[in-house]
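# Coordinate inspection notes
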Amino acid sequence: MSLRVGHICYLNSIPFFHHLRRQGFAGEIVSGVPAHLNAMLARGEIDLCPSSSFEYARNWRDYLLLPEQSISSFGPVRSVLLFSRKKLSELDGQVIAVTGESATSINLLKVLLREFHGCREVCCRVPDEPVEAIVERGGDVLMIGDRALKAGLATDGGVYDLGQLWWEATGLPFVFALWIVRREVAEERPGELAAFNCQLAAARTSAEGDLHSLASEVACPDWLTEEELVAYWQRMSFDLAGDHLRGLERYFSLCHRHGLLAEEPGIAFFSAA
Ligand SMILES: C=C(O[C@@H]1C=C(C(=O)O)C=C[C@H]1O)C(=O)O
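Residues numbered from 1 in each chain as written. Predicted model: local features only at pLDDT ≥ 70, side-chain atom pairs only at ≥ 80, totals over all residues. Heavy atoms only, no water.

## A few points about the nonpolar core
In terms of nonpolar packing, the biggest core is built from 85 residues, with Leu48, Leu162, Trp166, Trp179, Phe196 and Trp233 touching the most fellow members. Sorting elements by how many residues they give to this core places strand β10 (residues 174-182) first, with eight residues. Both domains that meet at this core, namely domain 1 (4-72 + 175-257) and domain 2 (80-170), each give it at least three residues. Discounting chain neighbours no more than four positions away, the residues touching Trp233 are Leu11, Asn12, Ile14, Pro15, Leu211, Leu214, Ala215, Val218 and Phe238. Leu81, Ile134, Val135 and Ala151 belong to the second-largest nonpolar core, a separate cluster that totals ten residues. (Core = buried A, V, L, I, M, F, W, Y, C linked by side-chain atoms within 4.5 Å. Buried < 20%, exposed > 50% of the residue type's maximum accessible area, 1.4 Å probe, protein only. Helix = DSSP H or I, 4+ residues; strand = E, 2+ residues; numbered from the N terminus. Domains from an automatic or database assignment. Contact = heavy atoms within 4.5 Å.)

In structure tokens form, the structure reads like this:
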């Protein structure tokens, strides 16, 4: 059986996936929003995917991480946004509308508001209407991915970037997504996974080597120019190095402190050796 790989259906994942087939990956690719991929991964319906760092933490005994790969930012990320006209401390006890696509960012919002902005209660709810309509009315909304990027470009204020808030509070990068592998897949099919790891690294290197060509080869949405797409990718960090790991550990430790995780996870990597 070939590997079943989850694919986040946002522009942020293009640098991982665009050249993957050309690097020889012949397995299955399943697209979805992070919350959907998290659930599929937890149930073993896919073998690995780039998905919420929070999903790794809450089920870490079932998972390993691919080394050196993430979706992170040092400061503003531009696609994880809290739309609000209020001061952050005024969000205490308020309902914040969310899309249900996220696991990491919703818990990041809770951690930021409770730890650094004096909020005690943070209520997030998925509304019956599109969150964009709530933004238009000036309500409080957390959005991620392309919808956030689009709404952020269309607004002229009243928006907080969670990557930036984290950076200001901690001086560390924030790791939104990790490449998470089911542990039994790593144990039972290490050769296939090692081959995938090489294909992924090569696909990303070739994408990052020429972001302008990448932007011209993909279907750019009509609300984004190729230059804006390149600038968006340039703001992100797709690495997972020492600073990223420090940021990740800080996030997990704050999630634990605020009762969002039952324990602090161990961070364990797949090793091809
Ligand atoms: C930077 C982003 O990070 C994402 C946020 C995630 C989450 O909140 O669970 C999961 C995967 C990433 O796609 C984004 O969505 O734009």
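## Re helix α7 (residues 162-170)
All buried positions along α7 are accounted for by Leu162, Gly163, Leu165, Trp166 and Thr170. The buried residues of α7 occupy an angular sector of 165° when projected down its axis, which confines them to one face. Backbone nitrogen of Gly163 and a side-chain oxygen of the N-cap are separated by 2.9 Å at the start of α7; the cap is Asp161. Gly171 lies just past α7 and shows a positive phi near 70°. (Arc of directions from axis to C-beta. Polar contact = N/O pair within 3.5 Å; in protein donor to acceptor, adjacent residues only side chain to side chain.)

## Here's the deal with the environment of Gly93
Relative to the helices and strands, Gly93 is located in the loop between β5 (80-83) and β6 (95-98). For Gly93, a relative accessible area of 43% corresponds to the partly exposed category. Once the C-alpha coordinates of Gly93 and Val122 are considered, the two residues, 29 residues apart in sequence, prove to be 5.7 Å apart. Beyond its immediate chain neighbours, meaning those up to four positions away, Gly93 contacts Glu121 and Cys123.

## Notes on the packing of aromatic side chains
Taken as a whole and judged by the stated rule, the model has eleven aromatic pairs. On the numbers, 5.5 Å between centres and 80° between planes, the contact of Phe16 with Trp179 is edge-to-face. Taken together, the residues span a long stretch of sequence, with Phe16 in helix α1 (residues 14-17) and Trp179 in strand β10 at a distance of 163 residues. Residue classification places Phe16 among the buried residues on the basis of a relative accessible area of 0%. Taken together, the ring pairs connect Phe16, Phe17, Phe25, Trp179, Phe196 and Phe238 into an aromatic cluster. (Phe/Tyr/Trp six-rings, centres within 6.5 Å; stacked < 30°, edge-to-face > 60°.)

## Regarding helix α4 (residues 104-116)
Here α4 spans 17 Å end to end across 13 residues, near enough to the 18 Å set by a 1.5 Å rise per residue. With ten of 13 residues buried, α4 is to be regarded as a mostly interior element. Buried within α4 we find Thr104, Ser105, Ile106, Asn107, Leu108, Leu109, Lys110, Val111, Leu112 and Leu113. (Expected span 1.5 Å × (residues − 1).)

## Some words on the site of the ligand
Near the ligand you find 18 residues, and of these Ser52, Ser79, Ser102, Thr104 and Ser105 are the closest. Contacts to the ligand include Ser52, whose side-chain N or O atom sits 2.7 Å from an oxygen atom. In the environment of the ligand, an oxygen atom lies 3.2 Å from a nitrogen or oxygen atom belonging to the backbone of Gly145. Coverage of the ligand by the protein chains reaches 100% of its 370 Å² of free accessible surface. (Near = heavy atom within 4 Å. Areas by Shrake-Rupley, 256 points an atom, 1.4 Å probe, with all protein chains shown as cover.)

## With respect to the sheet that holds β6
Read across the open sheet, the five strands follow the order β7-β6-β8-β5-β9; overall the sheet is mixed. Edge positions in the sheet fall to β7 (123-125) and β9 (159-161), since each has one partner strand and no second. Across the sheet, the mean angle separating the axes of adjacent strands is 25° when strand polarity is ignored. Of the strands in this sheet, β5 and β8 (141-144) are in contact with helix α6 (residues 145-154), which crosses β8 at around 115°. (Pairing = 2+ DSSP bridges. Axes fitted to C-alpha atoms, helices over the stretch in contact; angles between N-to-C directions.)

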